[in-house]
Amino acid sequence: SEAFNHPNSSSSSFILVGVPTSEAFPTCWGILFCSGYIITLVGNGVVLLVIGLDNSLRDPIHWFLAMLAVIDVVMVTSIVPKMLSIFWLKSTEIGYMACFVQMFLVHSTTSAESGVLLAMAVDRYVAICHPLRYQTILNRQTIAQIGLAIVVRALLFIIPLTGMVTNLPYCHSHVVPHSYCEHMAVAKLACTDPRPSGLYSVAGSSLIVGMDMAFIAVSYGMILKTVLRKKLFWKAFSTCGCHLCVLLLYYIPGIVSIYAQQFSSGVSVHAQVLLADLYLTLPTMLNPIVYSIRTKQIRQAVLKLL
């Protein structure tokens, strides 16, 4: 409590609040996020295991699904253990360098996940519109190049942002009203104007998400055109249905969270923090469940493994 009331301006660490105005229910929040974390680790771990062990799951869509599972595990592991220590152990302090490493991991994985979802949309387009050339177009070399491009793009976005926030002088309160080191929540503690980093974040996020969503929309428009011409609507829906569900789970909470953080005048801090937490944890928990239920090959591979 003393750290909250009299933050040390010379401290080399930050204080994470958790979920503001909900300090009376730390155990409940801990149980909620711990349960989601376990489901995420088990679900994505099973997906990675069956893809690694089953030789029939070597087509491009399953390589992209493995990438998505790895990104999801890294994303939640970068925030949930620290959140649980806040809720259960009252360990609210996080080191200066650890805070920026966490920030780097969170925002780079969110960018990378958007790139993987775009790659999966392209995969569905090739599978439905050019089925005979599917293996030729999306060979292993192409998949490796796509994966490298996704990683490089995420780094090109997050390295300047992390540098901008790291170089800000923090001479006032070190109390971050958040569950993790969200870059805008940290930047607002700086002595100087944090708006340049905020504008860069919104512009970069909007560019990445807008570009990815535009390409995804184009790919699904071409898929729709093809299936209507060939009268394969239900087959296409069964092929793309789980991907569409994952897209909705990721982009809708993400867009709301990004703009709620930046234009926060009409949104309470409590709601902002919960939106950001759910945006990072809910899709990672539900992605393997959606794919396991809706994808026959994954479902059969899991049952075979069990």
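Residues numbered from 1 in each chain as written. Predicted model: local features only at pLDDT ≥ 70, side-chain atom pairs only at ≥ 80, totals over all residues. Heavy atoms only, no water.

This is how it is decided: UniProt positions are given in the numbering used here, feature names are shortened, and annotations may be inferred rather than shown by experiment.
The name recorded for the protein chain in an unreviewed UniProt entry is Olfactory receptor, from Dromas ardeola. Recorded under Sequence similarities (unreviewed entry), the UniProt text for the protein chain is reproduced unchanged: "Belongs to the G-protein coupled receptor 1 family." Recorded in UniProt for the protein chain, the comment headed Subcellular location (unreviewed entry) runs: "Cell membrane".

**Considering helix H4 (residues 80-89)**
Put simply, the test is: The cut-offs for exposure are 20% and 50% of the maximum accessible area for each residue type, with area from a 1.4 Å probe on protein chains only; residues under the lower value are buried, those over the upper are exposed, and the others partly exposed. Helix and strand assignments follow DSSP, with helices taken as H or I runs no shorter than four residues and strands as E runs no shorter than two, numbered in order from the N terminus.
Within H4, 7 of the 10 residues are buried, which leaves it mostly tucked inside the rest of the structure. Taken as a whole, H4 has its buried residues at Val 80, Lys 82, Met 83, Leu 84, Ser 85, Ile 86 and Phe 87. At the C-terminal side of H4, Lys 90 shows a positive phi close to 60 degrees.

**Notes on the pairing of strand S1 (residues 13-16)**
What counts here: Only strands that DSSP links by at least two bridges are regarded as paired with each other.
What you see with S1 is no split at all: Ser 13 and Ile 15 on one side and Phe 14 and Leu 16 on the other are buried throughout. Here S1 pairs with strand S3 (residues 175-176) via 2 bridges, running parallel. The residue bridging Leu 16 from the neighbouring strand is Val 176, located in S3.

**Quick notes on a nonpolar patch on the surface**
Operational definition: Like charges are joined within 9 Å and nonpolar side chains (Val, Leu, Ile, Met, Phe, Trp, Tyr) within 5 Å, but only among residues with over 30% relative accessible area and no salt bridge; these make up the patches. Shrake-Rupley sampling with a 1.4 Å probe provides the accessible areas, and residues are treated as covered by the protein chains on show and by no other component. In what follows, salt bridge is the name for a side-chain nitrogen of Lys or Arg lying within 4 Å of a carboxyl oxygen of Asp or Glu.
Residues Leu 48, Val 70, Val 74, Met 97, Val 101 and Leu 105 make up a contiguous nonpolar surface patch of roughly 460 Å² in combined accessible area. Among the secondary structure elements, those contributing two or more residues to the nonpolar patch are helix H3 (60-77) and helix H5 (96-129). The element best represented in the nonpolar patch is H5, accounting for 3 residues. Classification of Leu 105 as partly exposed rests on a relative accessible area of 30%.

**Side note on the state of the cysteines**
In plain terms, the rule: Any two cysteine sulfur atoms within 2.5 Å of one another count as a disulfide.
In this structure the tally under the stated criterion is 1 disulfide. Each sulfur in the disulfide pair Cys 99 and Cys 181 lies 2.0 Å from the other. Negative torsions about the S-S bond denote left-handed disulfides, and the value of about -125 degrees found for Cys 99 with Cys 181 makes this one left-handed. Here the residue Cys 99 occupies a position in helix H5, and Cys 181 occupies one in the loop between S3 and helix H8 (183-187), the gap between them amounting to 82 residues.

**Quick notes on the sheet that holds strand S2 (residues 93-95)**
Working definition: the strands of a sheet are paired by backbone hydrogen bonds and lie parallel or antiparallel to each other. Heads up, the condition is: What makes two residues a contact is simply this: any of their non-hydrogen atoms within 4.5 Å. To obtain each axis, a line is fitted to C-alpha atoms, and for helices this fit is confined to the stretch in contact; angles are then taken between N-to-C directions over 0 to 180 degrees.
Strand order in the open sheet formed by 3 strands is S2-S1-S3, and the pairing between neighbours is mixed. Looking at which strands have only one partner, the edges of the open sheet turn out to be S2 and S3. Packing of H5 onto the sheet brings it into contact with S1 and S2, and relative to S2 it is tilted by some 85 degrees.

**What to know about the packing of aromatic side chains**
Applied cut-off: Note on ring pairs: Phe, Tyr and Trp rings are taken, using the six-membered ring of Trp, and paired if centres are within 6.5 Å. Classes follow the plane angle, with under 30 degrees stacked, over 60 edge-to-face and the rest tilted.
Counted according to the given criterion, the structure contains 11 aromatic pairs. Measuring from centroid to centroid gives 6.5 Å for Phe 100 and Tyr 170, while their planes differ by 45 degrees, and the two rings are tilted. A residue pair is termed long-range when its members are at least 10 positions apart, and Phe 100 in helix H5 and Tyr 170 in the loop between helix H7 (140-166) and S3 qualify at 70 residues. Phe 100 sits in the buried class, given a relative accessible area of 4%. Geometrically, the ring pair formed by Tyr 250 and Tyr 279 is tilted, given 5.8 Å between the ring centres and 40 degrees between the ring planes. One end of the pair, Tyr 250, is in helix H10 (residues 233-262); the other, Tyr 279, is in helix H11 (residues 269-294), with 29 residues separating them in the sequence. The same class applies to Tyr 250 as to Tyr 279, namely buried. An aromatic cluster is built from Phe 14, Tyr 96, Phe 100 and Tyr 170, whose rings are joined through pairwise contacts.

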